[in-house]
Every structure is written in structure tokens, then in C-alpha cells.
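Each chain, written out:
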Amino acid sequence: MNFPARTVAALVVVALAAASTAAQSSPTVGAVFSMTNAATGNEIIAFDRAADGTLTQSPTTYPTTGMGSGAALESQGSLIGGRDASHYWLAAVNAGSAQISLFEVTAGTSTLQMRDTVSSGGDKPISLALRNDVLYVLNAGNPNNVTGFSIDSQGKLTQIPNSMRPLSAAATDPAQVSWNPTGESLLVTERQTNLIDIFDMDPSTNLATSMASLPSNGPTPFGFAFLGSKKLVMTETFNGQTDASAVSSFSLQSQTLTLIDGSVPTTETAACWVAAARKHAYVYTANTGSNSISGFHLKKGGQLTLLDASGVTATTGNAPADLTLANERYLYVLNGQDGTISGFKVNRATGALTSVGPAVSGLPTTGAAGLVSF
């Protein structure tokens, strides 16, 4: 069918106006970052985050100048974001070259500026804890340790003297290091020993003054997240047994962990990574062996309740791993064996998850690690 020239011109104007309106309705408001963890050279992959939660891969990649491991790190916090008084920081591990890298993030964008790459103070760094201008790294090579670094105003990393601390044994197969919200404690999960290490931190020196190693409630503790200053939730993979993984909640007081609700089943396999929406008390686990996400509600007293009786709050791609929450409104998951990231909108009233569109690609299907949102 042939349209008059005026009609065609009018249709073009209408189409352009519609496209412009659509673009304006979902402007870029932030970013999501992951990394290749490639053994030939680790790189940060950036995604622009729109107001409707959808992601678009940035054409620019950012080399860490270090080497990845080329294989799954099986840790939480290999890529971490945070800020001090005047900077947004993104830190990454380079497990293959025993280094850590620091980038500065341009606020509201997916643009990074490389600031520094230094030795991790051990072998095979796999997890990071960032608070203000202090960064601690968990080294999983033999012997296991945590080591602290200070960050100056230019982003230079300097190892804090005498900050290296061993874990409970030389080889514990650790999974995560993280601060508690007040910075008084530094925690590490040990999978092989089924222990949780709690380092008592001196805020004036950022040095651990003592360590307590406490038994986890269920076997193979992996990831953990805080809700408030004293409550935390922790995943337990139960050695990867089919449909046996669980989540426990604790209260933390100094170096004492008190169990609140123990080993609440996810009904799924290999619940490893965990993210917490603190304001609304929702907790989400990535179930690597079931290609699903389990959601929980954490009650005021710390009791955990599944959001869905089936244990499946959302289905994911293949081998879901790292999770990140953007403003507690959107949840993203790295599908480790697909090289993709899936996004979900969080219903703040119920905790339900709704897909925001097809998973975005751009990552390798082997070894990709870490997920951070700004």
C-alpha cells in the first residue's frame, strides 16, 4: 500500500516522538558491574541501568591490569562497591595474579577510572570487604588470611602494617569476608571447617585485635548479609545435597553469634549467594543447583519465613550465582554458565519478584564473577 508523502512524513514524526518518549521514560539512573575473571586478563564489564530496571551493556570495558582465575571463584564479594565522603569506589579481585584493583565510579553512570592495582597480601584473593576508605581482602590460597588496605583521596591502595591475620587453619575453603554495619567486626565463612570467624576490629587502627571461630548452624556456610546492625542471615549449602540447602539467622554482639532461626530450608539445591533488602526485611538466595531464587521475609524477632511455599520466588538462567540489589527495588543475578544477568523488580509490599525483561548477555560462560549495582 502506498501512502502520500505527507502521510509518510507524519508517521515518521509520530514514530520519532514515540521513541523519544520511551527513551525519556527510562533514563539511565545507575549501573551494574561484573567481571570476566579471565586468566588472560581480567576485565570489568559495565551495564547502564535504566529507571525501569532494564540493563544495556556499555561498549567500554575496563581492564583490571591483573589476571583472573579463568574458573568459577565460588565466593561472595569478589567485586564490591562502596563510597567514602567524596568518592564511589569499585574494588575487584584478581585471583590469578594475587592482586586487587580499585576503580572510581562516576556517579550515576557506568564510567570507571582505574586508580590502583596492588598485591593482595596473599594468594588467590576471592572476596572483599569495603567500608569508607578501608578495604579488607580474603585470600583463599594456602595459608588462608585476611589483609587490610587503606585508600587515600587519589585511590591509592596501601597495605595496613601488621593487618594480615590467619584464619582458623591454613586451608579452610573460605567463601566470604564482610564488615558488620558498624565496622566493629569482620566476619569470614569457612566451608571446610564449618566455622564462622569473627575478628574484633580496633576502629582507630583498623586492625583485628582478636579472633573467635564459632561453629555454623548448618554445614558448609557460604554467603551472609546483614539486616540492621546486629542481625544477619547466612546460607548453608549442606555440601550441595539435592534440595537440602538452608538459611539461618543470627544476632551478633561483639564476638558472640546467637542463633535465632536455624537452617530454614530453601527446598532448593546449593543456596550459596545471598542479598538482603534491609528496609523491607526481604532476603534472597541464589540456588546454583536449581536455577532459582528463594525469597524469605525476616520478621522483627529474626525468624525466617519463605515467601513461596515451593521455595521458588523466581526462576533464573543456568547456575545463578552473585546477587545485587539496586536501591532495594531491583534484584539482579549473574547466571554463571550462561554469561548473562537477569533482572527482577521487587514488590516492596510482598517481596515478590517480577522479571524486567530478557537476560542481558556480555559475559563469558565460564568463570565470570561478581555483581555490584550503583
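Engineer: Would you mind showing me how to read the packing of aromatic side chains here?
Structural biologist: Within a pair of aromatic rings, the relevant descriptors are the distance that separates the centres and the angle that separates the planes. Applying the stated criterion across every chain yields a total of five aromatic pairs. Pairing Phe33 with Phe374 gives two aromatic rings, centres 5.9 Å apart and planes at 80 degrees, and the pair type is edge-to-face. On the criterion of sequence distance, the pair formed by Phe33 in strand β1 (residues 28-35) and Phe374 in the segment after β30 (369-373) is long-range, its members being 341 residues apart. Overall, Phe33 belongs to the buried group, its relative accessible area being 0%. Judged by its relative accessible area of 23%, Phe374 falls in the partly exposed class. A ring pair is formed by Tyr88 and Phe374, whose centres lie 6.3 Å apart and whose planes are at 75 degrees; its orientation type is edge-to-face.

Engineer: Hey, could you run me through the sheet that holds strand β4 (residues 79-83) in this one?
Structural biologist: Strands sit in the order β4-β5-β6-β7 across an open sheet of four strands; the sheet is antiparallel. The two strands at the open ends of the sheet, each matched to only one other strand, are β4 and β7 (112-119). Strand-to-strand twist across the sheet, computed as the mean angle between neighbouring axes with direction ignored, equals 20 degrees. In this structure, strand β6 (residues 99-105) lies alongside β7, joined through seven bridges in antiparallel fashion.

Engineer: Mind showing me how you'd approach the pattern of salt bridges here?
Structural biologist: It is possible for side chains of opposite charge to pair when their charged atoms get near one another. Applying the stated rule across the entire model yields two salt bridges. Close ionic contact of Arg115 with Glu104 constitutes a salt bridge, the shortest N to O distance being 3.1 Å. Placement of Arg115 in strand β7 and of Glu104 in strand β6 is noted, with a sequence separation of 11 residues between them. Of the charged contacts in the structure, one is a salt bridge between Arg191 and Asp173, with a shortest N-O distance of 3.1 Å. Of this pair, Arg191 sits in the loop between β14 (185-190) and β15 (195-202) while Asp173 is found in the loop between β12 (165-166) and β13 (174-179), placing the two residues 18 residues apart along the sequence.

Engineer: Help me understand the environment of Thr61 in this model?
Structural biologist: Residue position: Thr61 is located in strand β3 (residues 55-63). Each C-alpha atom of the pair Thr61 and Thr111 lies 9.4 Å from the other, and the pair is 50 residues apart in sequence. What Thr61 contacts, discounting residues up to four positions off in sequence, is Glu43, Ile44 and Ile45.

Engineer: In this structure, what is going on with the side chain of Thr117? I would like to understand it.
Structural biologist: With respect to the helices and strands, Thr117 occurs in strand β7. Within the structure, the side chain of Thr117 is placed 2.9 Å from the backbone oxygen of Thr64, a separation counted as a polar contact. A polar contact is formed between the side chain of Thr117 and the side chain of Thr65, at a distance of 2.9 Å. Setting aside residues up to four positions removed in sequence, Thr117 forms contacts with Thr64, Thr65, Asn94, Gln99, Ile100 and Ser101.

Engineer: Looking at this structure, I do not really get the nonpolar core. What am I missing?
Structural biologist: A general tendency of soluble globular proteins is for nonpolar side chains to be buried together. Counting 30 residues, the largest nonpolar core has Phe33, Ile44, Leu90 and Leu135 as its most contacted members. Ranked by the residues each element gives to this core, the list is headed by strand β5 (residues 88-94), at five residues. Those residues in contact with Leu135 that lie beyond four places of it in its chain are Ile80, Ala91, Ile100, Leu128, Ala129, Leu130, Thr147, Gly148, Phe149, Ile151 and Leu157. Listed in part, the 20 residues of the second largest apolar core include Phe222, Trp273, Tyr284 and Val346.

Criteria and cut-off values
Residues numbered from 1 in each chain as written. Predicted model: local features only at pLDDT ≥ 70, side-chain atom pairs only at ≥ 80, totals over all residues. Heavy atoms only, no water. Phe/Tyr/Trp six-rings, centres within 6.5 Å; stacked < 30°, edge-to-face > 60°. Helix = DSSP H or I, 4+ residues; strand = E, 2+ residues; numbered from the N terminus. Buried < 20%, exposed > 50% of the residue type's maximum accessible area, 1.4 Å probe, protein only. Pairing = 2+ DSSP bridges. Axes fitted to C-alpha atoms, helices over the stretch in contact; angles between N-to-C directions. Salt bridge = Lys/Arg side-chain N within 4 Å of Asp/Glu carboxyl O. Contact = heavy atoms within 4.5 Å. Polar contact = N/O pair within 3.5 Å; in protein donor to acceptor, adjacent residues only side chain to side chain. Core = buried A, V, L, I, M, F, W, Y, C linked by side-chain atoms within 4.5 Å.

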